[in-house]
Amino acid sequence: MSLTRRQVTAAAFAALPLGAAATGTAQAAQRPRTLYIAGDSTAAQKFADAAPETGWGMALPFFLHKDRPVANHAVNGRSSKSFVDEGRLDAILTAIRPGDFLLIQFAHNDEKTTDPTRYTEPWTTYQDYLRLYVDGARSRGARPVLVTSIERRRFDAGGNALTTHGDYPAAMRALAVQEGVALLDVQALSLELWQKLGVEETKKYFNWTATEQDNTHFNPPGAIALARLVAAELLRRRVLSARDVRRLDTQIPESWITWPPATA
């Protein structure tokens, strides 16, 4: 269902970074440069009714200095297509300012071939929708950053971590080259991490509870681990500088993750 004009406007104002209303070159230079996240449930903010499920976007601020705030617009169940169709990209583009960043991570729901409201084909419509994010950010003077989707927890009988996203990561990598966009290849990095941890240890990073065995979404340790990978890649790809990031080699307490009350 599409957002109403009022909802889009409210979302845009809610996400405005500090100093966004400032005018003049000097004021703009002093404004914190915000990292916006457009994505799905693996990155999204979770609320108390979903705990201990945790999106990596909730943990990303732990690895960034305070003058690099995060505006997490990722929402459960969205694809690159449905996020646009619901007006959520428009809300970001209303708020984003020159010098900000837009992290773009989709594929989990683009893969749903039986759902025409979300499905995109990797080498055509998926890339077409991703270009809307890239072009939109650039038109506002912000920097787009493509982020391949984090791998699910899936192993074969021999204990080998398996890929689950088909051609979507390759399509995003190709688009990054075509458009000259920085790419955080978190799909490859997460697959490597799951392989290193193995079948049993990876359960400690996903939302496995007494009543649920979820091999897609993360708990606090998993979200922290993935946010660390994202922050490290932002530094390695020179999207951010060393003065922008922190705690990359520091243990982050799980207690730092909090879930606000569910909204109506």
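First, a word on scope: everything that follows refers to the structure included in this document. (Residues numbered from 1 in each chain as written. Predicted model: local features only at pLDDT ≥ 70, side-chain atom pairs only at ≥ 80, totals over all residues. Heavy atoms only, no water.)

This brings us to the overall build of the chain. On a plain count of helices and strands, the chain comes out with nine helices and seven strands. Sequence separation of 24 or more characterises 76% of the internal contacts of the chain that already satisfy a separation of 6 or more. Surface accessibility of the chain: about 12,300 Å² in total, with carbon and sulfur atoms responsible for 53%. (Helix = DSSP H or I, 4+ residues; strand = E, 2+ residues; numbered from the N terminus. Contact = heavy atoms within 4.5 Å. Areas by Shrake-Rupley, 256 points an atom, 1.4 Å probe, with all protein chains shown as cover.)

What follows covers helix H5 (residues 88-95). The buried fraction of H5 amounts to six of the eight residues, a majority that puts the element mostly inside the structure. Among all positions in H5, only Arg88, Leu89, Ala91, Ile92, Leu93 and Ala95 are buried. (Buried < 20%, exposed > 50% of the residue type's maximum accessible area, 1.4 Å probe, protein only.)

Judged by how many residues are buried, strand E1 (residues 35-39) sits mostly within the fold: five of five residues are covered. A two-sided burial pattern is seen for E1, the buried positions comprising Leu35, Ile37 and Gly39 on one face and Tyr36 and Ala38 on the other. Here E1 runs beside strand E2 (residues 70-72); their pairing, made up of three bridges, is parallel. Note on E2: the bridge partner recorded for Leu35 is Val70. (Pairing = 2+ DSSP bridges.)

Attention shifts here to the pattern of salt bridges. As enumerated under the stated definition, the model contains 15 salt bridges in all. In this structure, the salt-bridge partner of Glu201 is Lys204, at a minimum N-O distance of 3.2 Å. Accessibility expressed as a relative area gives 31% for Glu201, which makes it partly exposed. Connected via shared salt-bridge partners are Asp67, Arg68 and Asp244. (Salt bridge = Lys/Arg side-chain N within 4 Å of Asp/Glu carboxyl O.)

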